[in-house]
Structures are given as C-alpha cells and as structure tokens.
Protein chains: 2
Amino acid sequence: MARMLRRLRKGFQSLTSFSAATIQPNLSASESSRSEVALLSFFSPKPRDFSLPNSSWGSEMMRLYDHYNSQCEAETEGGQTQGSPWQRLPSYNRSLKYAPGGVYLSKIVQSKARLFTRNIREPGAAFEYALFVNKGEKKCVCIFQAGWLLEGPPGHVHGGAIATMIDTVTGTHATFLSGPIMTANLNIAYRSPIPLGSTVLIESSLDTQEGRKTFISCKVMSTDGSKLHTEATVLFVSINVSHLVRGG
Amino acid sequence: MARMLRRLRKGFQSLTSFSAATIQPNLSASESSRSEVALLSFFSPKPRDFSLPNSSWGSEMMRLYDHYNSQCEAETEGGQTQGSPWQRLPSYNRSLKYAPGGVYLSKIVQSKARLFTRNIREPGAAFEYALFVNKGEKKCVCIFQAGWLLEGPPGHVHGGAIATMIDTVTGTHATFLSGPIMTANLNIAYRSPIPLGSTVLIESSLDTQEGRKTFISCKVMSTDGSKLHTEATVLFVSINVSHLVRGG
C-alpha cells in the first residue's frame, strides 16, 4: 500500500491538471524508469489528444483555435514550451492512466473510469474545448463549443454543464499555478443562457494565493466579448494526494 | 412565430421541471388536442422513464428507492398522486419533446438534443438517480449513484458532475414550487470527495420565496447521514419562457 501511494504521489506531481479535465502526460524517458516506459507502451498506444481540432468544430472554434495556437511555441521533445507566454494544454480522457505508474494504478482504482468532460468519443456531441494558459499574465483561456448532449433548458446548455466547464478551466489553471488542488468553493452567477451548439470563450484569472488557498475568477462570454453569459469565483485548496486514496 | 410561442408556453406550463433534469410528460387527452396526441403517438412510443430501477443499481440504491417509493401513492390515470405527501418524479431524456407541442418544436430547436444528465443510455455508466418530492414539507430527496463516466480526481466524482446533480435536484424542486425558473446563482461548498460508484443522498429544502426569487438549500450526504460531502445554496428566478426562444 505504501509503495502504491508513493507511485501515485509521484504520478500526481507530474500532472498539470488534477481536479479538472486537462491532464499532461509525462512519458519522457528522462523522468520515468525504463520499466515504466515499457509498461506504458505495452498498455497504452499514443493517447488521443481531445483538444486538437476535429471535423465537428465550427468556423468560430477554428478561428479562435488558430488565433491562440499561433501564439504558442512548438513543443520541444520534453513537452515544454519556451519563449512564448502562451501554451496549449493537451487533454486526455483519463485522469490517472498517463501519469508514471498510473497505468498500473488505473487497473486497480477504476478500470472503466473516464474523465467526465471527455467521456463521449463522438466528435461534437458533448464538450469540445481547448485550453491555453498564459504564464506571464497568470491567465487561462478556453474555447468551448457546446454539443447537443449538454441540453438543460430546451435549446440551451444545462447549468451543470456550464459549472463543469468552469470547474474544469479554473481547476486546470489553479493546478498549473499551485500544483495538486481540490475545488473547495464554486460560486456561479448565471447571467444569460448559452444556446446549444454555440461557441463561447471562458477566461480564468488568478485573484490571489494565500497559503494553501488559490482564488480564481472566471467569465464565460460570447466570442466577440459583447455578452457575459456567466461569471464565477472559485476557491481551490492544495492537497496531499494520499488523502484521496485513503478515502478523503 | 406567435403561434409557436403560445404552444411552447403551454408546453412549459405543464412541465414539472424546466431548467433541470426531471420532466413530467403531460399527454392526457383531457389536456391536449386529439391531433397533438395523434402526432405524439406517431413520433413517440412510450418514453423510457430513466428514474426506474435497472440492473446497474446497487443494493443501497435499491434499499433507498424502496424506502421512499413505498411512501408514495400509486399514480392515478392523470399522473397525479393524492393522500401521501411523497411523490416520485419520472425522468426523461429530452426537455421539450414530451410537452404538448414539444414534439413539433423539438424538430426545429434541436432534433438530436438530449438532457445532459440522461444523455448516456448504458445503465450505470453515468448519472443514475431518482427524485422524490414531499409536498407538505417543501422538501425534495434524490438518491444518486455515480457511474464510471463521471470521473474527476482519480476514483472520485468530478466537481462539475456534483454541481450538475445539485442544479438538477434543486431546479426540479424550485420548478415544482414556483413554475418555470432559471438558475441565477449556484454557490457550492465541497467538503469531502465522493468515491466513484458510490450512492449518496441529495436533499433540497426551500429557504424562502420572494417575488420572482426562490431560494433553495441543498446537501449531498452519505446514505447513513454521517458524512457531509457537499452543501449548496441556489437562487432561481421565475421566467417567461418566450425569453429563451427569443435568445435570452
């Protein structure tokens, strides 16, 4: 059990996002033992990055993706970017599987488990999104196209799906800034409903960091910035990953 | 357009839940014209009620379902219950489709759209839940079993999936009390993570009603009541349904 915890802890330390949706794999040979790499390549073919464009993306998604992606530097072999303040964060459908040791652990913890925001493979059906983080401005931007399986009020996105995206974007941002965290408080004001099928912009900004607490603000807007759909403040607390394994 | 709005408004007035997940069909011949009933029966076979037990439900879900269901009176032909304060609310996978006129409108608004909490047909994979409302105590109870597609932190339920269930339960409750509403504010405190696969109890209580505002409190607890996982306060505002059709 202690060994399992050590492996899990090590795995989490390499994750960019923890509570939320976007997870960075860390499979470089320099940081993983040869046996782990061999194990990973045996169980896992190259994972699908769900944040890359697909045929379901509308023209507004593509325009915004190109806008932010063109400001990112190409990734080096180690998955790092340098020089540009913007970085695109890849996104997979499992929290645990692609961390060192995670393939082994995911067999034990929940073999069928899938990340909530990436649990449907059909392109365009549910959450289509890509995240870009700006290291200099401590800001994160997400472009989000809402699919037909996210309905709440007829023809509009469910309040829970909007909450899910806010938790995902701010959680990814907080993890990027503060390491492993859990959402402690999520306070959302819904201003204007989001039509199903539309593309919106989600902006996350750091308010302050105090000890174990990270305070983030978030806005969901129309892509031209003229309409505020939703705004939120979110509090995250830094965690010791072993608490989760021991049952919170 | 005016005719369409009238039909939509009439449809919504008969819905038990609007912003959230549980929708009551209203297909009785006494309230719909013959032509509407014919249209409905042509397009819609008897819809699946997702809140009925299925093979994925664990022993705790079944025990709690039996506990609350035994306190409900059997439904009469018109879908009404009398005498007992408890009522089970059926749940379908489309907001609009089963309201009078909704079949016609759903073809226009979004033919493929599915309610966010009922968008996966595989039993046990995502949100398994049943809602019971207590008219006398102005209280609503939901039993919720979290499937493997709702993962956030490894082995635990995503904060957005918990927010979704809170919005769904309190939204259904608010609609039951106040008619058509939209979520205006959702304030959630996450106390303890919920293990994937577990069953929890979600309780919704009316705090107060002031003009167009309905204030609801909500708790997510272990089924024996010993552990508080999450608590929330939610504000709903009563709406005129035509605002949605006109684009919020």
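Everything quoted here is computed from the prediction, not taken from an experiment.

A few words on the overall build of chain A. The helix and strand tally for chain A stands at six helices and seven strands. Secondary structure elements of chain A occur, N-terminal to C-terminal, as α-α-α-β-α-β-β-α-β-β-β-β-α. Taking all 248 residues of chain A together, the buried fraction comes to 57%. Of all intrachain contacts in chain A linking residues separated by at least 6 positions in sequence, the fraction that spans at least 24 positions is 66%. With the model as given, the accessible surface of chain A reaches about 10100 Å², and the carbon-plus-sulfur share is 51%.

Residue and element names in this part refer to chain B. Under the criterion given, the structure shown has six cavities of 30 Å³ or more. Counted as a void, the largest cavity has a volume near 100 Å³. Grouping the amino acids of the lining of the largest cavity by side-chain chemistry returns six nonpolar, four polar and five charged. There is about 80 Å³ of room inside the second largest cavity. Around the second largest cavity, the lining residues are R48, F50, T117, R118, I120, R121, E122, P123, G124, A126, F127 and E128. Partitioning the lining of the second largest cavity into residue classes produces five nonpolar, two polar and five charged.

Let us look at the relation of the copies chain B and chain A. Overlaying chain B with chain A gives an RMSD of 0.0 Å, the required rotation being 180° about an axis along which the chain moves by 0.0 Å. One copy is carried onto the other by what is essentially a two-fold rotation axis. For chain B, the smallest separation between a C-alpha atom and the rotation axis is recorded for B:N187, amounting to 2.1 Å. Interface overlap between copies: 100% of the residues of chain B at the interface are likewise at the interface in chain A, consistent with a symmetric, same-surface contact.

Another aspect to go through is helix α3 (residues 59-69) of chain B. In an α-helix there are 3.6 residues to a turn, and that puts residues three or four apart on one side. All names here are of chain B. Among the residues of α3, those classed as buried are M61, L64, Y65 and Y68. End-on, the buried residues of α3 take up no more than an arc of 105°, which puts them together on one face. Turning to α3, the residues buried within the fold contact β1 (86-89), β2 (127-134), β3 (139-146) and β5 (199-210).

Turning to helix α5 (residues 159-178) of chain A, a few remarks are in order. Across its 20 residues, α5(A) extends 27 Å between first and last C-alpha, which sits within 8% of the 28 Å expected from 1.5 Å per residue. For α5(A), a buried count of 17 out of 20 residues is recorded, marking the element as mostly surrounded by other parts of the structure.

Turning our attention to the interface of chain B and chain A. Across the boundary between the two partners, chain B contributes 51 residues, which contact 51 residues of chain A. Both sides together, the interface formed by chain B and chain A hides about 4100 Å², and carbon and sulfur atoms give 60% of it. In this structure, the connection of chain B to chain A is made through two salt bridges. If you look at where chain B meets chain A, you find 22 residue pairs in polar contact (both at pLDDT 80 or more). Elements that contribute at least two residues to the side of chain B that touches chain A include exactly α5 (159-178) and β4 (181-190) of chain B.

Residues and elements named next belong to chain A. On inspection of all chains with the given rule, the structure shows 10 salt bridges over all chains. Notably, a salt bridge pairs K139 with E137, separated by 3.9 Å at the nearest N-O pair. Note on E137: relative accessible area 53%, which makes it exposed. Ionic pairing is found between R191 and E231, a salt bridge with its closest N-O pair at 2.8 Å.

The feature "domain: Thioesterase" (unreviewed entry), as annotated in UniProt, sits at residues 155-226 of chain A in this numbering. The distance from the first to the last C-alpha atom of residues 155-226 of chain A is 21 Å, and the span holds 28% helix and 44% strand.

Parameters at a glance
- Residues numbered from 1 in each chain as written.
- Chains lettered and ligands numbered in written order.
- Predicted model: local features only at pLDDT ≥ 70, side-chain atom pairs only at ≥ 80, totals over all residues.
- Heavy atoms only, no water.
- Helix = DSSP H or I, 4+ residues; strand = E, 2+ residues; numbered from the N terminus.
- Buried < 20%, exposed > 50% of the residue type's maximum accessible area, 1.4 Å probe, protein only.
- Contact = heavy atoms within 4.5 Å.
- Areas by Shrake-Rupley, 256 points an atom, 1.4 Å probe, with all protein chains shown as cover.
- 1 Å grid on protein atoms, 1.4 Å probe; cavity = no way out; pocket = protein on both sides within 12 Å on 5 of 7 lines; lining within 4 Å.
- Points joined across faces, edges and corners; volume = space filled by probe spheres on them.
- Nonpolar A, V, L, I, M, F, W, Y, C, P; charged D, E, K, R; others polar.
- Least-squares fit on C-alpha atoms with pLDDT ≥ 70 in both.
- Arc of directions from axis to C-beta.
- Expected span 1.5 Å × (residues − 1).
- Buried area = accessible area lost by both parts, 1.4 Å probe.
- Salt bridge = Lys/Arg side-chain N within 4 Å of Asp/Glu carboxyl O.
- Polar contact = N/O pair within 3.5 Å; in protein donor to acceptor, adjacent residues only side chain to side chain.
- UniProt positions renumbered as here; feature names shortened; annotations may be inferred.

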